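# Coordinate inspection notes
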Amino acid sequence: MGDIGQTEGYPSAGRIPGHVAIIMDGNGRWASQRGLPRTEGHNAGAESVRAIVRTARRIGVKFLTLFAFSDQNWDRPNQEVGALMELLYRYVLGEYDEILQNNIRLTAAGNLDRLPGVVQQALQELIRRSRKNEQMTLCLALSYGGHADLVAGARRVAEDVQSGRLLLADINAEAFESRLLTAELPPVDLLIRTSGEQRLSDFLPWHLAYAELVFASVMWPEFREPQFYEAIETYQARERRYGKTSEQLPSENPRGAQLRAVK
Ligand code: FPP
């Protein structure tokens, strides 16, 4: 975990969440409010993606997982699905150099086989080229559903037990987690959802078990650096007890201790 106080222009210091996951909601409403087609909302949302990836990396977030397309999103009108796939393709091509030059490792989670071939190829190429990068991992959840993730994990456990690779007695949280589609992701520290909706929408059910949830009222295209900092400050003010009492926590952890003004 880094120290946000070293970041110029940032108002406070404290714990930086190691893994931030974001449900980027409200592109469509942002566009409707402006009399624009929904696809314009997604285009503006892609700008927020760029801004938040850059900021997350700069302040020391180690994992950033973005819910870019759910397995339910395939049911949207064909034209919108097509526009989102094209946007994703353009994003991967457009961010190629930025991701490589900034030491970011790209990964993806979900049923990637459903993505158009050209998107899969561009994605896999950047995933391969960036695989040794270490500054931050950017995981795009694409064609992702949490239930499908858990079911895939259960299926792998069953297969491994059936084939003798795993003993029934050895099934535990670690054994299960290592067989998820999202096995490489650490637990989420901070989950942000924009647009004022307060739902998890089948996003990372396993990894969100102890996450702090922050719901921002702005639509995703309006979620930029100041709103991100605000969410992190909210996180820093929370006391994470993991089922323990306040008194049992290390002295540096209790609520408020993380917010040291450096202004
Ligand atoms: C939710 O808003 C957003 C999506 C379904 C897609 C998210 C995509 C982006 C942010 C842009 C592209 C992503 C990348 C990684 C380049 P919504 O359409 O459900 O909004 P609404 O609830 O207001 O209708």
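A brief report on the enclosed structure follows. (Residues numbered from 1 in each chain as written. Predicted model: local features only at pLDDT ≥ 70, side-chain atom pairs only at ≥ 80, totals over all residues. Heavy atoms only, no water.)

### Focus: the site of the ligand
Around the ligand lies a shell of 16 residues, among which Met24, Gly28, Arg29, Arg38 and Arg76 are the nearest. A distance of 3.1 Å separates an oxygen atom of the ligand from a polar atom in the side chain of Asp25. One nitrogen or oxygen atom from the side chain of Arg76 is found 2.7 Å from an oxygen atom belonging to the ligand. When isolated, the ligand has an accessible area of 620 Å², and the protein chains bury 91% of it. (Near = heavy atom within 4 Å. Polar contact = N/O pair within 3.5 Å; in protein donor to acceptor, adjacent residues only side chain to side chain. Areas by Shrake-Rupley, 256 points an atom, 1.4 Å probe, with all protein chains shown as cover.)

### Let's talk about the pairing of strand 5 (residues 136-144)
In summary, the side chains of a regular strand alternate between the two faces of the sheet. Across the nine residues that make up strand 5, a large majority, nine, are buried. Summarising the sheet, strand 4 (residues 104-109) and strand 5 pair through six bridges and their orientation is parallel. Paired with Thr107 across the strands is Cys139, a residue of strand 5. As a crossover connection, the stretch from strand 4 through helix 5 (residues 117-129) into strand 5 is left-handed. (Buried < 20%, exposed > 50% of the residue type's maximum accessible area, 1.4 Å probe, protein only. Helix = DSSP H or I, 4+ residues; strand = E, 2+ residues; numbered from the N terminus. Pairing = 2+ DSSP bridges. Right-handed = clockwise from strand over helix to strand, strands pointing away.)

### A word on the environment of Gln72
Structurally, Gln72 can be placed in the loop between strand 3 (63-70) and helix 3 (78-94). Considering only alpha carbons, one finds Gln72 and Ser143, 71 residues apart in sequence, at a separation of 7.8 Å.

### Thoughts on the pattern of salt bridges
This structure, assessed with the given rule, holds 18 salt bridges. Taking the shortest distance from any N to any O, the salt bridge between Glu184 and Arg105 comes out at 2.8 Å. Note that Glu184 is positioned in the loop between helix 7 (173-177) and strand 6 (190-193) and Arg105 in strand 4, a separation of 79 residues in sequence. A relative accessible area of 19% places Arg105 in the buried class. Close ionic contact of Arg240 with Glu212 constitutes a salt bridge, the shortest N to O distance being 3.9 Å. Of the two residues, Arg240 is situated in the loop between helix 8 (225-236) and strand 8 (260-261) and Glu212 in strand 7 (residues 212-215); the sequence distance between them amounts to 28 residues. (Salt bridge = Lys/Arg side-chain N within 4 Å of Asp/Glu carboxyl O.)

### Here we look at helix 5
The end-to-end C-alpha distance of helix 5, which contains 13 residues, comes to 18 Å, matching closely the 18 Å that a straight helix rising 1.5 Å per residue would cover. Listed in full, the buried residues belonging to helix 5 are Val119, Ala122, Leu123, Leu126 and Ile127. What you see down the axis of helix 5 is that its buried residues fit within an arc of 135°, all on one side. For helix 5, the elements touching its buried residues are helix 3, helix 4 (96-101), strand 4 and strand 5. (Expected span 1.5 Å × (residues − 1). Arc of directions from axis to C-beta. Contact = heavy atoms within 4.5 Å.)

### Side note on helix 2 (residues 38-59)
In a regular helix each residue adds 1.5 Å, so 22 residues correspond to 32 Å; helix 2 covers 31 Å between its end C-alpha atoms and thus fits that length. Gly60 sits one or two positions beyond helix 2 and adopts a positive phi of about 100°.

### Notes on the packing of aromatic side chains
Per the stated rule, a full pass over the model turns up eight aromatic pairs. Taken together, a centroid distance of 6.3 Å and an interplanar angle of 85° make the contact between Tyr144 and Phe203 edge-to-face. Placement of the pair is Tyr144 in strand 5 and Phe203 in the loop between strand 6 and strand 7, with a sequence separation of 59 residues. For the pair shown, Tyr144 and Phe203 are each scored as buried. Taking the centre distance of 5.3 Å and the plane angle of 45° together, the rings of Tyr210 and Tyr242 count as tilted. (Phe/Tyr/Trp six-rings, centres within 6.5 Å; stacked < 30°, edge-to-face > 60°.)

Keep in mind these values describe shape, not function.
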